[in-house]
Amino acid sequence: MDEKIIRLKDEINSKLNEVADLLDLDKVRVAYLGKKGSITALLKGMKDLSVEEKKVFGADVNKLKAYAAEKIEEKIAELKEKEIQLEIASMPQFDITTPANLARGSYHPITLVQRQCETIFKSMGFDVEDYSEVVTDYECFESVNIPKHHPARDMQDTYYLENGQLLKSQTSAAQNAILKKYGKRLMETGKPIKAIFPGRCFRNEATDACHENTFFQMEGVMVDKDISISNLIFFMKTMLSEVFRKDIKVRLRPGFFPFVEPGFELDISCLICGGEGCPSCKHSGWLELCPCGMIHPNVLREGGIDPEEYTGFAFGLGLTRLAMMKYGIKDIRDLNSGSLKSLSQFTDDEE
Ligand code: FA5
């Protein structure tokens, strides 16, 4: 075999050994098999040879050409396989024999008390309703006896949206819809309206240990013939004794809310400091928990219910504060902190 052919074959082998990737490999292909490649040049140079020489030399060059093409194909396959292996190695590895991580999620303390309250009220015949967080001025204020420019609007620093709606500042925003929804049934069948409607409320508050700008309330209403303050007190007492399952000190004092008459503030003796006074209760020893009262005749009328025939009570339980008291959480801001370490340690009484 011609010297040149033997040398080229060795050269091709050593070049292919050095190739690191497909780009390098293509350079080698072009250098030997391309239009201006060394093997192509050998073929082109055959025109000066005799017929006999052409036969022998041509056959050897064609063998070399086939050899080079075959080696290049083999190298392509090898490099592609290498790439696949590298990709697999860089993928996250799963060991199916590793024991499963059985850590369980947990309910947020507010969800826990909300569920407890729902269970308690459902057992006493109350319906549970959900309501929107974005409401109209009519729903939140006008329908509950707080007309435009009424000073009571100043008690709730409200977030208004550009479209004129607002972020619900109190769950009382659902009262009118609930009265309308169940009022028809009350008049047709005599079945009392008994509903609770928990929900998230928003106020532009300066936050401290017992005030948040985003907190939960749970509103409740009952309307029937001859409903009185005694009924209100009965349901409040039952709810608190079921939630706390121990004796707790509460006090009822007059409170003003345009949608109830008379209105009350129901306070709970602070369970963080035992009534001594601490940041959780603004150092007063008492925490405002559940304002309530007898539904104002204007609110009943706006809900399509005749106040001459029916009376009712309403309450607005501070669910977030209830969670604080129930679980001994000193600072309300912890509840919105998203800290799993502090929020995952609470369990349902039933668990
Ligand atoms: C109201 O929102 C009335 N709608 C409640 C009501 C309903 C009265 C039906 C009468 C009849 P108030 O603004 O006081 O009232 O809020 C009620 C409760 O929500 C408070 O007692 C408190 O427990 C809780 N609360 C109010 N503001 C905050 C706040 N910024 N952070 C945490 N809890 C709050």
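Model, not experiment: these values are computed from the prediction. (Residues numbered from 1 in each chain as written. Predicted model: local features only at pLDDT ≥ 70, side-chain atom pairs only at ≥ 80, totals over all residues. Heavy atoms only, no water.)

So, on to the environment of Asp 331. Within the secondary structure, Asp 331 is located in the loop between α10 (319-327) and α11 (340-343). The sequence separation of Asp 331 and Cys 210 amounts to 121 residues, and the corresponding C-alpha distance is 6.4 Å. In this view, Asp 331 contacts Asp 208, Ala 209 and Met 324; residues no more than four positions away in its chain are not counted. At 2.8 Å, the side chain of Asp 331 forms a polar contact with the side chain of Arg 333. (Helix = DSSP H or I, 4+ residues; strand = E, 2+ residues; numbered from the N terminus. Contact = heavy atoms within 4.5 Å. Polar contact = N/O pair within 3.5 Å; in protein donor to acceptor, adjacent residues only side chain to side chain.)

A separate point is the packing of aromatic side chains. With the rule as written, the count across this model stands at eight aromatic pairs. With a centroid separation of 5.3 Å and an interplanar angle of 80°, the aromatic rings of Phe 126 and Phe 235 are classed as edge-to-face. Of this pair, Phe 126 sits in the loop between α5 (109-123) and β1 (127-128) while Phe 235 sits in helix α8 (residues 229-244), and the two are 109 residues apart along the sequence. In this pair, the class of Phe 126 matches that of Phe 235, namely buried. Ring centres of Phe 234 and Phe 235 lie 5.1 Å apart, and the angle between their planes is 75°; this geometry places the pair in the edge-to-face category. When its relative accessible area of 47% is taken as the criterion, Phe 234 is described as partly exposed. Residue Phe 235 is classed as buried on the basis of its relative accessible area of 8%. Members of the aromatic cluster, each reached through a chain of ring pairs, are Phe 121, Phe 126, Phe 234, Phe 235, Phe 313 and Phe 315. We note Lys 9 situated over the ring of Tyr 67; from NZ or CZ to the ring centre the distance is 4.6 Å. One residue, Arg 115, lies across the ring of Tyr 107, its end atom 4.2 Å from the ring centre. (Phe/Tyr/Trp six-rings, centres within 6.5 Å; stacked < 30°, edge-to-face > 60°. Buried < 20%, exposed > 50% of the residue type's maximum accessible area, 1.4 Å probe, protein only. Lys NZ or Arg CZ within 6 Å of the ring centre and 35° of its normal.)

Interpretation in functional terms is not warranted from these geometric data alone.
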